[in-house]
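As a plain string of letters, each chain reads:
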Number of protein chains: 4
Amino acid sequence: MDVISTRRDFHRYPEVGFTEFRTASKVVELLDSFGYQVIYGPDALEGNARQGVPSEEVLEKSFNRALEDGANPEIIEKMKGGYTAVIGIIKGKEDGPTVAFRFDMDALPVRESTDSDHFPQMEGFRSKYEGYMHACAHDGHTAIGLGLAEKLSDRQFAGTVKLIFQPAEEGVRGAYSIVKKGMLDDVNYLFCQHLGTNVPLGEFHGGSLGFLATTKMVAHFYGISSHAGASPEEGRNALLGAATALLNIHAIPRFSSGSTRINVGVLEGGTAANIIPEYAKMVIETRSVSEETNEELLRRVKNILSHSAAMYELQHKVEIVGKAIPINCSQDLIELAMAEAKQTEGFTSVKPYEESGSTGSEDASFMIKRVQENGGQGTYMIIGTDIPAPHHHPKFDIQEEVLLRSVELLNRIARKLLK
Amino acid sequence: MDVISTRRDFHRYPEVGFTEFRTASKVVELLDSFGYQVIYGPDALEGNARQGVPSEEVLEKSFNRALEDGANPEIIEKMKGGYTAVIGIIKGKEDGPTVAFRFDMDALPVRESTDSDHFPQMEGFRSKYEGYMHACAHDGHTAIGLGLAEKLSDRQFAGTVKLIFQPAEEGVRGAYSIVKKGMLDDVNYLFCQHLGTNVPLGEFHGGSLGFLATTKMVAHFYGISSHAGASPEEGRNALLGAATALLNIHAIPRFSSGSTRINVGVLEGGTAANIIPEYAKMVIETRSVSEETNEELLRRVKNILSHSAAMYELQHKVEIVGKAIPINCSQDLIELAMAEAKQTEGFTSVKPYEESGSTGSEDASFMIKRVQENGGQGTYMIIGTDIPAPHHHPKFDIQEEVLLRSVELLNRIARKLLK
Amino acid sequence: MDVISTRRDFHRYPEVGFTEFRTASKVVELLDSFGYQVIYGPDALEGNARQGVPSEEVLEKSFNRALEDGANPEIIEKMKGGYTAVIGIIKGKEDGPTVAFRFDMDALPVRESTDSDHFPQMEGFRSKYEGYMHACAHDGHTAIGLGLAEKLSDRQFAGTVKLIFQPAEEGVRGAYSIVKKGMLDDVNYLFCQHLGTNVPLGEFHGGSLGFLATTKMVAHFYGISSHAGASPEEGRNALLGAATALLNIHAIPRFSSGSTRINVGVLEGGTAANIIPEYAKMVIETRSVSEETNEELLRRVKNILSHSAAMYELQHKVEIVGKAIPINCSQDLIELAMAEAKQTEGFTSVKPYEESGSTGSEDASFMIKRVQENGGQGTYMIIGTDIPAPHHHPKFDIQEEVLLRSVELLNRIARKLLK
Amino acid sequence: MDVISTRRDFHRYPEVGFTEFRTASKVVELLDSFGYQVIYGPDALEGNARQGVPSEEVLEKSFNRALEDGANPEIIEKMKGGYTAVIGIIKGKEDGPTVAFRFDMDALPVRESTDSDHFPQMEGFRSKYEGYMHACAHDGHTAIGLGLAEKLSDRQFAGTVKLIFQPAEEGVRGAYSIVKKGMLDDVNYLFCQHLGTNVPLGEFHGGSLGFLATTKMVAHFYGISSHAGASPEEGRNALLGAATALLNIHAIPRFSSGSTRINVGVLEGGTAANIIPEYAKMVIETRSVSEETNEELLRRVKNILSHSAAMYELQHKVEIVGKAIPINCSQDLIELAMAEAKQTEGFTSVKPYEESGSTGSEDASFMIKRVQENGGQGTYMIIGTDIPAPHHHPKFDIQEEVLLRSVELLNRIARKLLK
């Protein structure tokens, strides 16, 4: 299997969260061909524990598109409705611990650049799905996972390897459903990783600081429309409620317990100039350095939403569509990863983590927490690559030489722990 | 009794709502001297039905001041605690209907002008109580009432005359307590009147259009203070709740059922720059052409207050401190009054009412409504006088020649109805 | 020409404001066939004076659709870009005044009902353009205009008849551009009319009260996006600015000069939970009984928009997309129309106007005002028809018998004034 | 001089910022009696660089009260208008560096407890000025400064001692005016200190972490009043502008550059329910870990104030009434102070600083910065004392045994640096 052409294939067919039918189908086929036991569909994730699942219509449209673009019909039949997680398991010759690696597969709703200096455009593997793009390196992550799968198919180790291919990391929506299904329960060591994140090619971090607890939600306000000229008093104005909520959510105080973030990222409501708006929708997120503070932010946001609605005699509903918690990397694994990186060609700068930390969020946090709760260890590593444009940007790209050396590094790490 | 010097005496000692101890004491003494049956104190008003009663401290201070300034101790002892209504009743030689006149007695918290061209200053009867002033002609109203009382003391009529001297018209706080006590229950004809209101000397209106229903209230928000630097999240910010309420109260929609008005006239809260504010107070009023719409406005204001408080986890309380309803003058009385005015010297322009109507409010409305509910009739008349400055202004004044002709007019009206 | 089948043809092909290519093409052809001088395209309206013109893309798509559905290519070539007004002029045998009638042609973005009891569905003339519908009777208005055109083609009158077929009445966007082009400058008498408006079949009003001055506008706020977790302070939040504007626009005070209305009917902004929103759009309208007060409302709305934007360091733009003024119907024409209605079969109840007035708006107001400014007269008449559902509703319909009697009435009116 | 009875005397006559006439007069007299060169009045501070100076009326009243309570008339004549800083300078027998100590003298507007278990009540030195109290230990600070002055009056050292007695530390209003006058320009070593701050008796910190940059301001909004019923549209509503500002100031985003704080601590406006409010006042503060971010917060607050005012066509004014910057204690001085504390009886726990830092603010920061800019060193020390109630609380008190050991410690520090 060629890691680079595999990555380019994924890049060409970007699929967003819970619609990774084609990508997951390819992963199943390859893991199977390498001799792995493969778990997927409803066996690999708990359906009700997913968050922000697309509409039936979107799921079906994506399903059909995947079929047209070469997904295996028998395999994806089992993934219907957005059950797009895949777990590959392979046992070594001897007994030993279980080492897991996690790879995310989903793309983003970003229109990829057509500029002639954009490498995927130049080389002919730009996104075929207009308006969607692998702009966060998950195509590379998945390809690395498959490269690692092939290497470990020799079974020359003591213990078990578990490769977790996750849907819907964007919006932190998918990982928890895999944890909930019990897929992490037997894992002793868990490694998650990301390419890029402002770390240059050749640099490697054995862990990470500062992933924030976060909750993403959608609030719906339901009022009553009426004619704005003839009977304004008969309406119940959903936009007045929503605007009040928006301002007051932003006015939630700073916390002395540490950094917090709050954003109302989307507000949409109303239909016409002369109609009292009967519906409004808001997309909101909270973040904090601690789960506890994030829960308090969430409680306050919900309270503001509830009373902003009631103030205008509106009905309302809040849907949680994404959630992540902070990550505390296990010190032993950070050091082990650093030691292996130092011996892997291509890594010239090896650090435990960026002191300044991150302000992003990752749902791998649920996986690492579960492993640690069971007495295991986990870490979230950063593998540097120069990037021509920031993550989530139309011109985002990675340097492909990072792919093979990442495979090599993960392979070393796995074998080190499995004697 | 000299009407003009009586008015000047009241002008010199202005007493605001429910503190009219000295004024009411003089009224009691004079009515008594004219042979009237006099009802006052708790017999004349229902204590619990008063609104916006001053604090115990203010009541006591005013009481003592009245004592010093010549109020009759025995009389005002009965008025202690703000029971400052006085009703004078006199029966004619023969049986007949009951005709009532209402006069308001209270002054305003306005500092009277010391300008040399201000007539009360010039003539030496400027307010002795600094910061308080008869700036709405109630001194004149009360003097007219006493002048009328003297005239009717001859009992040369058939029926009963009832003269109602009311406290606390300003803020529409007193009339309802007199109605509630049953004082209007036997009245067949009720005449209320006001001097001025932009109607020139010599003009008279037999009725009025457009007094609005209104409610005045005070809202209190109770939060928790905390240090704004050290632990902002521990506070519950009363000012954020109040500012949210203020904006949203002003955003209550227009009503297609007719004119409405809403105002948050006062907002006060907080103690220092570095303290999360724990308390805020708002003074609010609603107005509308109909009682029903005013009730709906009040319901919405209360709902907004309640949810603005709850949004910030504040306790809150709403006190109603004043209330009036619209006035529908009885057509027959308008005409009767006009007919008498035409025959009274000094009235050169006689109209039923101002077409453009008023946007003010009057708690005489409760009295008129009660009389009309019982099958009687009522009206609210305007007696013109030129004024050098608007009502409630430090240089407000009336032309004193209006006083005697008003006495004469009311006398004619009474005798007309009592044969 | 059959008025009913002409109405059904227009109903089947509903075209919204400035895209009435097929409708206007049919109007041109028929007027031409009746011997009228026909003015259309840029000769009939001032392009820059139109408001709320659709995008180039929408215009082109509608143009092509009209071609497919039988519009005359040569005629609509002249209407390209949304120049869809048509004026038909015919001179009588003798000299005399100019009498004009105005008919509006545009449909609405409403999806027509498919219920089996919906008359157009039953009779097979339901809208062919899904999502668009004649739900305000303009199909009937246009058919009446053509029926009248045919009647008057006998030229048995003294003077000139001018039939004005107007685009884009919905949103009050089209009339002013025809006025601006001078099309009303020679008119002595102008009659505008509407079917329905809650007036039953058989009833007729010679005039109308209470059309409000109105302005419709779209406000755009342009900020800067940034990552809500990593660098919230680098963003300039368009939604915070828009929510502030929305609340404060609704808090604009009542006016003592008469009824006002204000509505923010649409607010949309932002892209994702984790992005500081960089763009927001609001659709707003003001209404008032007077042009002057409406201008003051508009000034205050613009001021609030401007400072809400600047408060968040946003750029902004306000587009006026619709505008109307009040209508003062000429008393003489009201009476003339009533007199003729009384003599027209089918009108059993004839009134000058509804006392309670309207709270709607009409851009025919600009036409009537221009005629009156030049010393002419104008009126806006209501022709009753029962309707199974309100205007703008998916099941709106008219009773077709109203069409011929309307033609007859307008014919009588025209001939009365032209001797 | 007895330090404890001196402290009790100051406690009994608490004077708030820039009214410390009696206190400063006593300081001048004592320093003079110890042989110090004494600078005070306009020679000791730059009048225009003071912030939040009380009104003329308050200054005069306090001045007269001080006279009555024993202030030296000649001395305080020079302090008239709030020039209440005092600097004492004494040269040792030999040349050497200049070592300065800073003591703050002002009290707080807090009503002191009358509880029988409140030590100053029990011992008869409770505040004589009702509503004012030394609730932040500045009485102790000043007494320590005078104790130190007496000790160092032996001149047995090499160099110069400068004792700075500062007005108006509360509200961070006074220090900058002393810096601006050049009083710190010749200082090589500066020691500031505070009693208490949650550090127990016996503990000592040689420095402090985390004093925040802060700005305190008062915003005034000036509108136009009008009658809320008769002509609401003629008003320009200061409270609507202020409430809008308040909400939006609280909605200023978090900064990724570090902790920030924002508070609107006071909002007051309006006069009566039926009047459109013409004036409103807000008291606001910002805080941040860096001067730069605090300046950016201030810029945004001012921008919001400006546009909230303009949105309602209000005039406005922003007064800066207090300002402080972060403190970076010089490491050498922290260690020197710790070394001396370890040798001073009574200090059993000696630390460099509290790791968790402070979120308070101190205008000694300007003094320390000036000394450091000139190549000198400065630190802010904490001297522990148990307290029965928090700082600024009516029952705040210190343990008086801390006073003498503080004098001893400062004396050791001075002599250490002056050989």
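Residues numbered from 1 in each chain as written. Chains lettered and ligands numbered in written order. Predicted model: local features only at pLDDT ≥ 70, side-chain atom pairs only at ≥ 80, totals over all residues.

**Details of the overall build of chain A**
Worth spelling out the cut-off: Think of it this way: any DSSP run of H or I at least four residues long counts as a helix, any run of E at least two long counts as a strand, and we number them from the N terminus. It is over C-alpha atoms that the radius of gyration is taken, and the globule rule equals 2.2 Å times the number of residues to the power 0.38. Put plainly, a residue is buried at 20 or more neighbouring C-beta atoms within 10 Å of its own, exposed at 12 or fewer, and partly exposed in between, counting only other residues' C-beta atoms, which are placed from the backbone. Residues are scored as being in contact if the C-beta atoms we place from backbone atoms lie within 7 Å.
Along chain A, the regular secondary structure elements total 12 helices and 12 strands. Relative to its length of 419 residues, chain A is compact, with a C-alpha radius of gyration of 23 Å against a globular reference of 22 Å. Each principal axis of the C-alpha distribution contributes one length, and for chain A these read about 80 × 50 × 40 Å. With 419 residues in all, chain A has 61% of them scored as buried. The long-range share in chain A, meaning contacts at least 24 apart out of those at least 6 apart in sequence, stands at 82%.

**Points about helix α12 (residues 401-417) of chain C**
All names here are of chain C. Put simply, the rule is: In this scheme, a helix's expected span is set at 1.5 Å multiplied by one less than its residue total.
Compared with the 24 Å implied by 1.5 Å per residue over 17 residues, the 26 Å span of α12 between its first and last C-alpha is a close match. Among the residues making up α12, those that are buried are V402, L403, R405, S406, V407, E408, L409, L410, I413, A414 and L417. Backbone geometry just downstream of α12 places K419 in the positive-phi region, at approximately 60 degrees.

**Notes on the domain arrangement of chain A**
Residue and element names in this part refer to chain A. Put simply, the test is: Either an automatic procedure or a domain database provided the assignment from which the domain bounds are taken.
You can read the domains of chain A as domain 1 (3-211 + 327-417) and domain 2 (213-323). Here the C-alpha centroids of domain 1 and domain 2 sit 34 Å apart. Of the residues lining the interface, seven residues belong to domain 1; the matching set on domain 2 comes to seven residues.

**With respect to the sheet that holds strand β4 (residues 158-166) of chain B**
Residue and element names in this part refer to chain B. Which entries qualify depends on this criterion: Strands are labelled as partners when DSSP assigns at least two bridges between them. Only the stretch in contact is used when a helix axis is fitted, and all axes are lines through C-alpha atoms; the angle between N-to-C directions ranges over 0 to 180 degrees.
Pairing is mixed across the open sheet formed by eight strands, whose spatial order is β1-β2-β4-β3-β5-β12-β6-β11. On the outer flanks of this sheet lie β1 (37-40) and β11 (349-351), each paired with one strand and no other. Put simply, the sheet's adjacent strands are angled 20 degrees from each other on average, direction ignored. Bridge analysis of strand β2 (residues 86-91) against β4 gives six bridges, and the strand direction is antiparallel. Among the inter-strand pairings, I87 is bridged to a residue of β4, identified as I164. Relative to strand β3 (residues 94-104), helix α6 (residues 138-152) is tilted by about 160 degrees, and along the sheet it contacts β2, β3, β4 and β5 (189-195).

**Focus on the relation of the copies chain B and chain A**
Stated formally: Each copy is superposed on the other by least squares, with the fit set by C-alpha atoms of residues at a pLDDT of at least 70 in both.
Aligned on chain A, chain B shows an RMSD of 0.1 Å; the corresponding rotation is 180 degrees and the shift along the axis is 0.3 Å. Taken together, the turn and the small shift mark the pair as related by a two-fold rotation axis. It is H307(B) whose C-alpha, among those of chain B, lies nearest the rotation axis, at 2.5 Å. When the interface residues of chain B are mapped onto chain A, 100% of them are again interface residues, pointing to one common binding face.

**Points about the interface of chain B and chain A**
So the rule is basically this: Three categories are distinguished: nonpolar for Ala, Val, Leu, Ile, Met, Phe, Trp, Tyr, Cys and Pro, charged for Asp, Glu, Lys and Arg, and polar for the others, with Gly belonging to the last.
Taken together, the contact between chain B and chain A spans 18 residues of the former and 18 residues of the latter. A per-element tally of the side of chain B that touches chain A places helix α9 (residues 291-311) of chain B first, with six residues. Partitioning the side of chain B that touches chain A into residue classes produces nine nonpolar, seven polar and two charged.

**Re the packing of helix α10 (residues 331-342) of chain B against helix α12 (residues 401-417) of chain B**
When two helices pack together, their arrangement is captured by the angle between the axes and the distance separating the axes. Residues and elements named next belong to chain B. Put simply, the rule reads: Here the word oblique covers every angle except those under 35 degrees (roughly parallel), over 145 (roughly antiparallel) and from 65 to 115 (roughly perpendicular). Handedness of each helix crossing follows the sense of rotation of the near helix against the far helix: counterclockwise by less than a right angle gives left-handed, clockwise gives right-handed.
The geometry of α10 relative to α12 is characterised by a closest axis approach of 9 Å and an angle of 125 degrees between their N-to-C directions. Compared by their axis directions, α10 and α12 come out oblique. For the crossing formed where α10 meets α12, the hand is right-handed. Contacts between α10 and α12 involve L336, A337, E340 and A341 on the former and, on the latter, L409, R412, I413 and K416. Here the contact of α10 with α12 is composed, by residue class, of five nonpolar, no polar and three charged.

**Examining the relation of the copies chain A and chain C**
Superposition of chain A onto chain C requires a rotation of 180 degrees combined with a translation of 0.4 Å along the rotation axis, giving an RMSD of 0.2 Å. A high fraction, 97%, of the interface residues of chain A reappear at the interface in chain C, so the copies pair face to face through one surface.

**Examining the sheet that holds strand β3 (residues 94-104) of chain C**
Residues and elements named next belong to chain C. Read from one edge of the open sheet, eight strands run β1-β2-β4-β3-β5-β12-β6-β11, paired in mixed fashion. The sheet is open, and its two edges are formed by β1 (37-40) and β11 (349-351), each paired on a single side. Averaged over all pairs of adjacent strands, the angle between their axes in this sheet comes to 20 degrees, without regard to strand direction. One ladder, built from two bridges, connects strand β6 (residues 203-205) with strand β12 (residues 377-383); its direction is antiparallel. Residue pairing across strands places F204 opposite I383, the latter belonging to β12.

**What about the environment of G147(B)?**
All names here are of chain B. Among the structural elements, G147 can be located in helix α6. Sequence spacing of G147 and I89 is 58 residues, and the spatial spacing of their C-alpha atoms is 15 Å. Excluding its chain neighbours within four sequence positions, the residues that come into contact with G147 are M1, V3 and V407.

**A few points about the pairing of strand β2 (residues 86-91) of chain D**
Two elements, strand β1 (residues 37-40) of chain D and β2(D), share four bridges in a ladder whose sense is antiparallel. Paired with Y40(D) across the two strands is V86(D), which belongs to β2(D).

**A word on the interface of chain A and chain C**
Size of an interface, as often reported, equals the accessible area lost when the parts are brought together. Contact residues are listed per partner, giving 36 residues for chain A and 35 residues for chain C. Counting only elements with at least two residues in the side of chain A that touches chain C, the list comes to α8 (238-250), β8 (260-270) and β9 (279-288) of chain A. In terms of residue count, the dominant contributor to the side of chain A that touches chain C is β8(A) (nine residues). A class-by-class count of the residues in the side of chain A that touches chain C yields 19 nonpolar, 12 polar and five charged.

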